[in-house]
Structures are given as structure tokens and as C-alpha cells.
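# Analysis of the macromolecular model
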Amino acid sequence: SQKAFEVCDFKINLEYCSITFEQNFLNTQIRPGSKNTELPASFENYMIESVAKKSNSLLETVFWVGDTGTATYPNSLCDGLIKKLNADALTGSMSATSSTISSTNIIGEMNRIYNAIPVAVRSGNAQSDVVFFLSSDMFVAYVQAQATAQAGQGYNYSDAQKMFFLGHPVVEAPGIGTKKAVVSAKDNLLILTDLMDDKSEVRIIPQYDKSGAPTTRVVARMKFSPDFHIASEIVYYK
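Residues numbered from 1 in each chain as written. Predicted model: local features only at pLDDT ≥ 70, side-chain atom pairs only at ≥ 80, totals over all residues. Heavy atoms only, no water.

## Here's the deal with the side chain of Asn-188
- By the element assignment, Asn-188 lies in the loop between strand 6 (181–185) and strand 7 (189–192).
- Under the relative-accessibility criterion, Asn-188 is labelled buried at 5%.
- Ignoring anything within four residues of it in the chain, the contact list for Asn-188 reads Asp-227, Phe-228, His-229, Ile-230, Glu-233 and Ile-234. (Helix = DSSP H or I, 4+ residues; strand = E, 2+ residues; numbered from the N terminus. Buried < 20%, exposed > 50% of the residue type's maximum accessible area, 1.4 Å probe, protein only. Contact = heavy atoms within 4.5 Å.)

## Focus on the side chain of Asp-227
- With respect to the element layout, Asp-227 can be found in strand 9 (residues 215–228).
- Reaching out from Asp-227, the side chain makes a polar contact with the side chain of Lys-3 at a distance of 3.0 Å. (Polar contact = N/O pair within 3.5 Å; in protein donor to acceptor, adjacent residues only side chain to side chain.)

## With respect to the environment of Pro-169
- Here Pro-169 shows up in strand 5 (residues 168–172).
- A relative accessible area of 25% places Pro-169 in the partly exposed class.
- The spacing of Pro-169 and Val-131 is 38 residues in sequence and 5.1 Å in space, taken between C-alpha atoms.
- Contacts of Pro-169, omitting those with residues within four sequence positions, involve Val-130, Val-131, Phe-132, Met-163 and Phe-164.

## Digging into the pairing of strand 3 (residues 130–134)
- A large share of strand 3 lies buried, amounting to five of its five residues.
- Burial along strand 3 is two-sided: the residues Val-130, Phe-132 and Leu-134 and Val-131 and Phe-133 are all buried.
- Looking at chain direction, strand 3 and strand 6 are connected through five bridges and run antiparallel. In the strand pairing of strand 6, Leu-134 is matched with Ala-181.
- Pairing geometry for strand 3 and strand 5, over three bridges, is parallel. Directly across from Phe-132, in strand 5, lies its bridge partner Val-170. (Pairing = 2+ DSSP bridges.)

## With respect to the packing of aromatic side chains
- Taken as a whole and assessed by the stated rule, the structure comprises six aromatic pairs.
- Aromatic pair Phe-10 and Phe-224: ring centres 5.5 Å apart, planes at 80°, arrangement edge-to-face. You can see Phe-10 sitting in strand 1 (residues 8–17) and its partner Phe-224 sitting in strand 9, a full 214 residues away along the chain. An identical accessibility class is assigned to Phe-10 and Phe-224; each is buried.
- Ring geometry for Tyr-142 versus Phe-165: centroids 6.1 Å apart, planes at 70°, classification edge-to-face. (Phe/Tyr/Trp six-rings, centres within 6.5 Å; stacked < 30°, edge-to-face > 60°.)

Keep in mind these values describe shape, not function.
Put into C-alpha cells, the structure is as follows:
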């Protein structure tokens, strides 16, 4: 069956004092040492990176728990994946069996989630693309459970190491809330935009030669919305 999608209009309008920003930029050069090879290539790149970190954090929240029916920022900017999954009766929703998640019960809950994945998704062509997106509390509990199971070796876990459950990637989704998980094939989840370069087009506009103000404006416009193809192939744990 066909499904229609809609995108939300986002804009970034920020204005910074150029003097303060220059001081912050110089601090990033002095603090790491003279041999650091990861410094921003230019002052403009530094500004874009700073704005990107802030906007990415907001988009992470909107992606999962956005709700235009609330006045809370940034949730109010666009409906997120959780709201849309709740509204679709075909979503494979399931409730937690415990009021709290810990390293002692997380494996049992992960097995329940795994068993709820449709067989066609779990064992079909999409099986290699199935991903467990876990809230931070569930992810931490899973990492701790792995460390215990490996007789302490898992305490050496770092961001460079990837977590798996029965062969499927396990990813932390900080914006999803608490005691929540979404399991789906990656191709079944969507990030909708107006243009492919929407998320990367940022303009820096110095104001000194225009208005005489010692400020710099950072602006961007984009379309953005999360969605999915087939609700019945998604497991939403809450």
C-alpha cells in the first residue's frame, strides 16, 4: 500500500559576538598543544562545527520524541518516530516486564525484543541490516551485562568497539527517552529532507562590513522529518 510523507521546515538563526568566538577559537588551539593535528582548518570551520554539535543534539531529540502537540522546545518542531509508531496500529509494540532496567534483567528483555521481530525480517534479506536502537539506560545496562559475562574483559569497552546482540548491531539512541528501544531494518527507517545537502548547507555572514556590529550570523534552512516504511516490521519496546 502507498504511504504519504511530510517534512517539517527547520531554520537556524544564530548570532555570536565575534570577539568572544575568536577567544574560544584561540583556546582550542592553545589547550591541546602545538602538535595537535585535529584542530579546525579555519575559524569558519570552527563555527560550523560548534553549530553542528548543537543542532545535531536537537535533531536527535526531534527524530525520536518530537511532538507538534506540545510547546516544549525542540520537541514541538516536528513529529518524531515514537509518536508516529504509537499512531500506527500495525507497529509491533511491547511493554517492559520490569519497572527498572539493570544489568541483571537486560539480557532477558533483549531476548523478548528479539523474539518479537517478525521472522521475515529477522531471517530474510534484511537480517544483516536489523539494528537495536536502545535508550541510554538500556544501552549502559547491556554494556555492563556484557562485561560481567566476559569475566571483566568487557570493562575495557570503548567507543571504538561495537556492540552486538545475536549478530545485530546495538546502538545507543540518547534522544529516545528512558526504557525504550526500537528495532528495525535500517532501510525501513527514513530521514526525509528537501535536498540532499540540506543538513550540510550553512552560511556564515559577518556583520561588521554590513551594519558595523562586531557580530557574526550563522544561518541555515532545511526540511527534516523522521518516518518509516512498514510499521509491522518494527518492534517498539516501551
